[in-house]
Amino acid sequence: MRLKGKVALITGASRGIGKGIAEVFAEEGADVAVNYVASAQAAEDVAAWIRCQGRRAMTVKADVAHRAEVEAMMNQVWEELGPIDVLVNNAGIETIVPFLDLTDEQWTRLTDVNLRGEWLCSQVYCRRVIVEKRQGNIVMIGSVQAGKVLPGRTHYAPTKLGLEALTRNMSAEMTPLGIRVNCVHPGLIDTDMTAWVMKRPDILPTVLAQISLGRPGQPREIGTVVAFFASDDSSYLTGQSIHVDGGWVGK
Amino acid sequence: MGFPEDLVRLDGKVALITGGCGGIGACVSRGLAAAGAKVAIADCNRDQACATAAAIRELGHEAYAAAFDALSVPETQRMADEVANHFGALDILVNCVGTHREQKAEDFSEDQFDIVIDLNLKGAMFQAQAAARHMIRQGRGGKQVHIGSVRMQLALRGRGYAAYCASKGGLGILCKQLAAEWAPHRINVNVVAPTFTRTNLVANMLSDPSFYDSLVARIPLGRISEPEDVRNAVLFFVSPASDFITGQTLYVDGGVTATQ
């Protein structure tokens, strides 16, 4: 149990990759706060599963793009579960819109959640960790699209490549203060966000043919990597981004 | 995917650690053995390989020593065959072989350049090949980790690092290509790239406090790498926890590459 006794806040953890991370974290011994924005019941189901593993769990609603909600979330978790040892910035949204059709509103909402949201959660978290003179750990969830072009992602891909720069720059400022920051870029992972790809016989074989391992990943295969970054096994790692994509990017 | 307690266990696996007597290699070998793997220590120095293996056996683990010259392709294959024959399988390769020659680029001699490239790059290719042949034949996948360096990504001002940087930079794309070619056989190939690591090789340099201070001044975590830091990353890459990662380089550098 590499995360025994640690408290983790995972944003967007009611489903998909966030849920996979939450499950692995609980199995590794962590108490988990499950953040959600819309799916209260799904979040409660994840929390209930975690309690069945003998760990503490709570659900907490917050839109990561709103400072007041993020601050309230952080306070609530701190009060109920205690000081947060690990923040996993997983919440994200993806839409597919051709560049020429993209509206101001679409750009703003997506970049607000995917880039500003991770920055915001990190800043609120780091301020509290530093005030309380604790150690901290942040794992960003990016995307294979930080290094891979897919159609209709002129708003999405920059947020994910931006997370790499955010990770490096935050690591430069925060590591000397005791907070490590790293980033995991998932490839095609089998979740409801990618279910549409899995159901498209005209697209799926083409995508899988680009992935060396020839299959999509499972949410827990992201969870085990995030758990490594969150654990003391990676105590000399900071500012790094790694693709967990079955061999997709860069070829 | 197993349960978490299985994610860090290597019971029943056979691991070959080349360069397994060096500061990093020996630490990796002990770590793999402690995680349950049967380990083969391969090194150019037979006596040291035997001593390292004996020390691991004393801890109650299975260990075998093999000597080989990493500059010889036939020798490399023969050594891998010997290890596979001894244990009846080969599941994991950790390549810790490496060397370094420092000369100014304008003065670099051909034979010195060749030594570095032959050992660090060509040697990696043919160790990977020798091990992969067994992994492919066995048909149950495998894991390979090659030890890289922050010099895969960062040049070094004011020093004669042309051969070393070229060899380690080449290693990165070599492993990416091997990962792409061998993924259908479920062989994952990744690189663990440390910064300055505390080993006997550099003990003299580290005993100079001004050298050490200047070294750590640019490392956000404020210390150099310990062999255990490298070992932990290797354990992650040879364990099921990283099954969906292949062709990647992980810098174990206290934040150096992120902030340079």
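This report concerns the structure included in the present document.

Rules used in this analysis
- Residues numbered from 1 in each chain as written.
- Chains lettered and ligands numbered in written order.
- Predicted model: local features only at pLDDT ≥ 70, side-chain atom pairs only at ≥ 80, totals over all residues.
- Helix = DSSP H or I, 4+ residues; strand = E, 2+ residues; numbered from the N terminus.
- Rg over C-alpha atoms; globule rule 2.2 N^0.38 Å.
- Buried ≥ 20, exposed ≤ 12 C-beta atoms within 10 Å, placed from the backbone.
- Contact = placed C-beta atoms within 7 Å.
- Pairing = 2+ DSSP bridges.
- Axes fitted to C-alpha atoms, helices over the stretch in contact; angles between N-to-C directions.
- Expected span 1.5 Å × (residues − 1).
- Arc of directions from axis to C-beta.

Focus on the overall build of chain B
Along its length, chain B carries ten helices and seven strands. Here chain B has a C-alpha radius of gyration of 18 Å; the compact-globule value for 260 residues is 18 Å, and the two agree. Taking the principal axes of the C-alpha coordinates as reference, chain B spans close to 50 × 40 × 35 Å. Put simply, chain B has 260 residues, and 51% of those count as buried. Long-range contacts, defined here as pairs at least 24 residues apart, represent 72% of the contacts in chain B between residues at least 6 apart.

Looking at the environment of Met-193 of chain A
Residue and element names in this part refer to chain A. Summarising the element assignment, Met-193 is placed in the loop between β6 (179-186) and α6 (195-198). Between the C-alpha atoms of Met-193 and Gln-145, which are 48 residues apart in sequence, the distance is 15 Å. Residues contacting Met-193, with those up to four places away along its chain left out, are Gly-16 and Glu-94.

Comments concerning the sheet that holds strand β3 (residues 63-67) of chain B
Pairing between the strands of a sheet comes from backbone hydrogen bonds, and it takes one of two forms, parallel or antiparallel. All names here are of chain B. Ordered by their spatial adjacency, seven strands build an open sheet running β3-β2-β1-β4-β5-β6-β7, and the pairing between neighbours is parallel. Because the sheet does not close on itself, it has two edges, and the strands there are β3 and β7 (249-252). Adjacent strand axes in the sheet meet at a mean angle of 20 degrees when their direction is disregarded. In the sheet, strand β4 (residues 92-95) pairs with strand β5 (residues 142-147) via four bridges, with the strands oriented parallel. Within β5, the position partnered with Asn-95 by the bridge is His-146. The strands touched by helix α5 (residues 110-138) are β1 (14-18), β4, β5 and β6 (187-194); relative to β4, the strand with the most contacts, the crossing angle is about 170 degrees.

Focus on helix α2 (residues 40-52) of chain A
Residues and elements named next belong to chain A. Relative to the 18 Å expected for 13 residues at 1.5 Å per residue, α2 spans 18 Å between its end C-alpha atoms, a close match to the ideal helical length. For α2, the set of buried residues is Ala-43, Val-46, Ala-47 and Ile-50. For α2, the angular spread of the buried residues around the axis is 95 degrees, confining them to a single face. Residues of α2 that are exposed and point over 90 degrees away from its buried face: Gln-41, Ala-48 and Cys-52. Contact partners of the buried residues in α2: α1 (16-27), β2 (31-36) and β3 (57-61). Looking at the residues trailing α2, positive phi occurs at Gly-54, about 90 degrees.

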